[in-house]
Amino acid sequence: ASQWVEQFYNSRAQLRERQSTTKRVVFVSQHSLSGAFFPKWSKPLQTLVGDVCLRVNAGNLHDSLDTLLSGQGDFLLCYHSPEIFPQLEQDDILNLQVGADQLIPVSAADQDGHPIHAPVPGAALKLLAYPQESFFGRLLQRDCFSRISPAIQFNIVCENALVEGLKAMALAANGVAWLPARVIEQELQQGTLVSIRDRLPSLDMKIMLYRKRAPRLKEIDVFWDYFKAQASV
């Protein structure tokens, strides 16, 4: 038993030493992008520098921004809105567009493939909403709801800052939600969710990558050069 315990502690010490010497490049990302965009987009990075671990910290944009600015993250992957977060428009912050997306209104479908929830004159439309203080909530309030006819009234039945949470509610036919198209590609193809952007406005969004000008590791410049080359293709 004593030999087993000694072997255990020796193995743990070796693992800790190996972990401490592993280089990590830290990406901080909005929740919706960490699952729907990051995996396929980042796959080629593993062949650029084989001894680097990619760490992804998903969170809301405000916290992710703080992580980048405090130096605890190397890259910030997020949707673009300089009016909401002007802190990213600084001389010591580099930026690059790495993709595009749309925030589209969707509803669950009935057996005939028609939206269960859609604008109807004289009836309030059930809305699955983002909190007004959240990124998507502020974005929709500023750039979307101002374009909707006053004749269309909404009844907010649920608020959730997480895209996946509203997606689940929409799939359960609880109301209309504005969701990033990349997050619901499969559901739109299968017909479990249907777009109603012919009746309600959608928003075009840029997917941006940010980093500090002075890199913490040389591998950060390697990744950045790769992203720039891909963006120019």
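Please read these numbers as outputs of a predicted model, since none were measured by experiment.

A. View of the confidence of the model for the protein chain. Taken residue by residue, the protein chain gives an average pLDDT of 89. The fraction at 70 or more is 92%. Across the protein chain, element-level confidence peaks in strand 7 (residues 176-180) with a mean pLDDT of 98 and bottoms out in helix 1 (residues 2-20) with 61.

B. Inspection of the packing of aromatic side chains at higher detail. Counted by the stated rule, this structure contains 15 aromatic pairs. Ring geometry for Phe 27 versus Trp 41: centroids 6.1 Å apart, planes at 90 degrees, classification edge-to-face. Of this pair, Phe 27 sits in strand 1 (residues 23-30) while Trp 41 is found in helix 3 (residues 38-42), placing the two residues 14 residues apart along the sequence. Ring centres of Trp 41 and Phe 227 lie 4.7 Å apart, and the angle between their planes is 10 degrees; on these two criteria the pair is classed as stacked. Placement of Trp 41 in helix 3 and of Phe 227 in helix 9 (residues 218-231) is noted, with a sequence separation of 186 residues between them. Site record: aromatic cluster; members linked through ring pairs are Phe 27, Phe 37, Phe 38, Trp 41, Phe 75, Trp 224, Tyr 226 and Phe 227. Between the NZ or CZ atom of Arg 211 and the centre of the ring of Trp 224, over which it lies, the distance is 5.4 Å.

C. Representation of the pattern of salt bridges. In total, this model carries six salt bridges according to the counting rule given. Taking the shortest distance from any N to any O, the salt bridge between Glu 219 and Lys 23 comes out at 3.1 Å. Taken together, the residues span a long stretch of sequence, with Glu 219 in helix 9 and Lys 23 in strand 1 at a distance of 196 residues. The partly exposed category is assigned to Lys 23, whose relative accessible area is 30%. Residues Asp 143 and Arg 142 are paired through a salt bridge, measuring 2.7 Å at the closest nitrogen-oxygen approach.

D. Structural detail: helix 9. An ideal rise of 1.5 Å per residue puts 20 Å on 14 residues; helix 9 measures up with 20 Å between its terminal C-alpha atoms. Residues of helix 9 that are buried include every one of Glu 219, Ile 220, Phe 223, Trp 224, Tyr 226 and Phe 227, and no others. On an axial view of helix 9, the arc spanned by its buried residues comes to 160 degrees, and they lie on one face. Along helix 9, exposed side chains directed more than 90 degrees from the buried face belong to Lys 218 and Asp 225.

Calculation notes
Residues numbered from 1 in each chain as written. Predicted model: local features only at pLDDT ≥ 70, side-chain atom pairs only at ≥ 80, totals over all residues. Heavy atoms only, no water. pLDDT = per-residue confidence, 0-100. Helix = DSSP H or I, 4+ residues; strand = E, 2+ residues; numbered from the N terminus. Phe/Tyr/Trp six-rings, centres within 6.5 Å; stacked < 30°, edge-to-face > 60°. Lys NZ or Arg CZ within 6 Å of the ring centre and 35° of its normal. Salt bridge = Lys/Arg side-chain N within 4 Å of Asp/Glu carboxyl O. Buried < 20%, exposed > 50% of the residue type's maximum accessible area, 1.4 Å probe, protein only. Expected span 1.5 Å × (residues − 1). Arc of directions from axis to C-beta.

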